[in-house]
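Residue strings, one per chain:
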Amino acid sequence: MKLPETMKALVLMGPDHQELKTVPVPKAGPQEVLIQVESCAVCSTDVALIHKAFPGQPPYGVHITGHEYSGIVVALGDTVDEFAIGDRVAVEAHNGCGRCRNCRLGDYTSCLNYGNTKKGHRANGFTTPGGNAQYVVNHINTVHRIPDSVSFDVASLVTNLGCALYGYETMGGYIAGQNVLVIGPGPLGMASVAAAKALGANRIFLSGTRASRLAIGKALGADRLIATADEDPLEVVMKETGGIGVDYAIEVSGSKAGLDLSIKALKRNGKMLLLGIPHEPVPIDLEDMSLNDKDIFAIRGESRANVGRAVSLLANGKVNLAPLVTHTFPITKFEEAYRTFNQRIDGAMKVIIKPQQE
Ligand SMILES: [Zn+2]
Ligand SMILES: [Zn+2]
């Protein structure tokens, strides 16, 4: 296959300033593949790092954003026989160094050499070039083959499902037969609902402020939608669990109200997962947690091969993330794409950039 020398890419030039540039097509190293990117989803983490640089981020004028993407393998590194040219693939963002204690234990999103590219760590879109480009290089450990039944747009969202599954694994969540409350109907909240459904939850509550977003949650498997403008979510959960509370509360809003609710709505000995990121210190009721033997877990990313599990759920039709895809834009219209995402125009949930389209 004859590859071009240059490609279009979104390069971060400064805070809140990306430009569509022509840059060289990267080359795959011995353990890497070159992917022709078909879909790259905008994530709120992209918006955060476009606004304010993340630790370890490459300098302005160089960094290519985007960590949720999918595409076609178009070139193989010297040692790669795990993939073939033409494979349709989804990716996960983090490749651990493989040599630190956490990586050796499988916790590669907590790599102790985070950002150290010399030691082999990569976090595409964060510390290494991402998928808002026509081509991108990925270590094979971060690449997953997808069947024709999974579209590129849906495949680009697989990390969201991987994060939710990693969260359930970290909590020791068996889920089957248990009651789950998800707070915050954004993409990660939706993926948490879909994962809980696929894992056999008894009853899934989804609470949030926007009715249009809650409605999408219904399509993904939520049993009870709670619009906080109309109902008190704590009252609803307590009433509908016989006054006991839920086994698992998944906090995805990052808000004080959400954190407070997630702890109060837990049954005695329940477990809470922090998936949303509170950007400021938040006071929480530790007395309630101690006296009632409640646990709180926090995770970062999609570790312990959970993206592989997520791909399996998509490939086998156990989870359908298609309702999350609300908008697509060619890469030339990236500004409109980000505006649509940021201002939630037309009920925007997941906005996808298509690097191969003009
Ligand atoms: Zn993301
Ligand atoms: Zn490591």
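Residues numbered from 1 in each chain as written. Chains lettered and ligands numbered in written order. Predicted model: local features only at pLDDT ≥ 70, side-chain atom pairs only at ≥ 80, totals over all residues.

### Details of the overall build of the chain
What the chain contains, in helices and strands, is eleven helices and 17 strands. For a compact globule of 358 residues, the expected C-alpha radius of gyration is about 21 Å, and the chain comes in at 20 Å, within 12% of that figure. By principal-axis analysis of the C-alpha atoms, the chain measures approximately 65 × 45 × 40 Å. For the chain, with 358 residues in total, the buried portion stands at 49%. Excluding contacts between residues fewer than 6 apart, the proportion of contacts in the chain whose partners are at least 24 apart in sequence is 69%. (Helix = DSSP H or I, 4+ residues; strand = E, 2+ residues; numbered from the N terminus. Rg over C-alpha atoms; globule rule 2.2 N^0.38 Å. Buried ≥ 20, exposed ≤ 12 C-beta atoms within 10 Å, placed from the backbone. Contact = placed C-beta atoms within 7 Å.)

### Section: the nonpolar core
In a soluble, globular protein the nonpolar side chains are often hidden away together inside. L161, L181, A194, A195 and I250 are the most contacted members of the largest nonpolar core, which totals 100 residues. Mapped onto the domain boundaries, this core takes at least three residues apiece from domain 1 (6-157 + 321-354) and domain 2 (162-298). In contact with L181, not counting residues within four places along its chain, are F205, S207, V237, V246, A249, I250 and A265. Within the second largest apolar cluster, five residues are counted, among which are C103, Y108, C111 and Y114. (Core = buried A, V, L, I, M, F, W, Y, C linked by C-beta atoms within 7 Å. Domains from an automatic or database assignment.)

### A closer look at helix α4 (residues 158-171)
Spacing of three or four residues puts side chains on the same side of an α-helix, whose turn is 3.6 residues. Taking 1.5 Å of rise per residue, 14 residues should cover 20 Å, and α4 covers 20 Å from first to last C-alpha, within 8% of that figure. With twelve of 14 residues buried, α4 is to be regarded as a mostly interior element. Among all positions in α4, only V158, T159, N160, L161, G162, C163, A164, L165, Y166, G167, Y168 and M171 are buried. With its phi angle positive at about 75 degrees, G172 sits one or two positions after the end of α4. (Expected span 1.5 Å × (residues − 1).)

### Digging into the domain arrangement of the chain
Each assigned domain of the chain is listed here: domain 1 (6-157 + 321-354) and domain 2 (162-298). For domain 1 versus domain 2, the distance between C-alpha centres works out to 28 Å. For the side of domain 1 that touches domain 2, the per-class residue count stands at five nonpolar, one polar and two charged. (Nonpolar A, V, L, I, M, F, W, Y, C, P; charged D, E, K, R; others polar.)

### What about helix α1 (residues 44-51)?
Buried residues of α1: D46, L49 and I50, and no others. Buried positions in α1, seen along its axis, are confined to an arc of 105 degrees and lie on one side of it. Contacts made by the buried residues of α1 are with β1 (6-14) and β2 (17-24). (Arc of directions from axis to C-beta.)

### Here we look at unusual backbone geometry
Phi angles above zero are rare outside glycine, and D293 is one such case at about 55 degrees. Topologically, D293 is positioned in the loop between α9 (286-291) and β15 (295-298). Given 11 C-beta atoms within a 10 Å radius, D293 is considered exposed. Here D346, not a glycine, exhibits a phi torsion of approximately 55 degrees, which is positive. Looking at D346, the number of C-beta atoms within 10 Å reads 10, which means it is exposed.

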